[in-house]
Amino acid sequence: MSTQEPTRTIAYICPECRQSVIVERSLFSLAAAPAKIPCPCGKSALGVEFLADRVKLDVPCLFCGTAHKVTCSSTAFVREKTLAFSCAASGLDCCYVGEEGPVFAATARLEQTVDKLERDAGQDNVFLDEIVMHEVLSELKDIASRGGVSCACGSKQWSFQVNYSSVDLMCAECGAEMRLPAATADDIDDICCKNTILIRGKSKE
Ligand SMILES: [Zn+2]
Ligand SMILES: [Zn+2]
Ligand SMILES: [Zn+2]
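Residues numbered from 1 in each chain as written. Chains lettered and ligands numbered in written order. Predicted model: local features only at pLDDT ≥ 70, side-chain atom pairs only at ≥ 80, totals over all residues. Heavy atoms only, no water.

**Some points on the environment of valine 132**
Counting through the fold element by element, valine 132 comes out in helix α4 (residues 130–145). Judged by relative accessible area, valine 132 falls into the buried class, the value being 5%. Along the primary structure valine 132 and glutamate 111 are separated by 21 residues, whereas in three dimensions their C-alpha atoms are 24 Å apart. Apart from the residues within four sequence positions on either side, valine 132 is in contact with Ala182, Ala183, Thr184, Ala185 and Ile188. (Helix = DSSP H or I, 4+ residues; strand = E, 2+ residues; numbered from the N terminus. Buried < 20%, exposed > 50% of the residue type's maximum accessible area, 1.4 Å probe, protein only. Contact = heavy atoms within 4.5 Å.)

Given below as structure tokens:
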């Protein structure tokens, strides 16, 4: 990449593996077509799309486990030293766009905040909300004990993984995955009104 070519540095923290993803992309390539900026772990990606006079970002969020759709003016996206986008649920930053130096510095500060939040919680494997996670897991257990969890492929063999603010269900037959959010009281309501859970796979993302 030529040093003359205007670039933007874009950063987020991967909700899956918790590492910072910081990449430099030429403005030309970003403006040319919608881009996906994947984490090296392959489990999350940030979307960038230039619209008429705005830029739309789709940011996987470490703090609440959802993806935030945020926009800013194209002018700000192209010119600002650092643009910060924050998570509506936690108020913490979830994405930076700008010049390389300031974006690296902001991301390093955010990593420290994440470390501090985890230390404050006093344990390694911390959930965004202990009560919500507990409720979602116990509902899942109820549904599972009735044989209510199955996959669209027909399998009833599955496993699950507990994350910071969600639970992933994985079909043991076809590998399809489904995410149950476990971040807010609404997520408890959502799973409480389900009798069965059907793992449909990733295709609808
Ligand atoms: Zn990752
Ligand atoms: Zn968020
Ligand atoms: Zn399956």
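**Comments concerning the domain arrangement of the protein**
Under the domain assignment, the protein is made up of domain 1 (7–120) and domain 2 (130–199). Spacing between the C-alpha centres of domain 1 and domain 2 amounts to 28 Å. Domain 1 puts 6 residues into the contact, and the matching count from domain 2 is 5 residues. Carbon and sulfur atoms supply 39% of the area that domain 1 and domain 2 bury against each other, a total of about 510 Å² over both sides. (Domains from an automatic or database assignment. Buried area = accessible area lost by both parts, 1.4 Å probe.)

**Focus: the sheet that holds strand β12 (residues 177–181)**
Spatially, 3 strands are ordered β10-β11-β12 in an open sheet, and the strand pairing comes out antiparallel. Looking along the sheet, the strands with just one partner apiece sit at the ends: β10 (158–162) and β12. Along the sheet, successive strands turn relative to each other by an average axial angle of 20°, direction set aside. As defined by bridge partners, β10 adjoins strand β11 (residues 166–171) across 5 bridges and the pair is classed as antiparallel. Across the sheet, phenylalanine 160 pairs through a bridge with leucine 169, a residue of β11. (Pairing = 2+ DSSP bridges. Axes fitted to C-alpha atoms, helices over the stretch in contact; angles between N-to-C directions.)

**Observations regarding the coordination of the zinc ion (ligand 3)**
For the zinc ion (ligand 3), the protein coordination sphere consists of Cys151 (SG), Cys153 (SG), Cys171 (SG) and Cys174 (SG), at 2.2 to 2.3 Å. For the zinc ion (ligand 3), the 4 donor atoms in the first shell make angles of 106 to 115° at the metal, so the coordination geometry reads as tetrahedral. Site description for the zinc ion (ligand 3): donor spacing in sequence, C-x1-C-x17-C-x2-C. Of the two residues, cysteine 151 sits in strand β9 (residues 149–151) while cysteine 174 sits in the loop between β11 and β12, which places them 23 residues apart along the sequence. (Donors = N, O, S within 2.8 Å, 3.2 Å for Na, K, Ca; no water. Tetrahedral: all angles 85-135°; square planar, octahedral: opposite > 155°, others 65-115°.)

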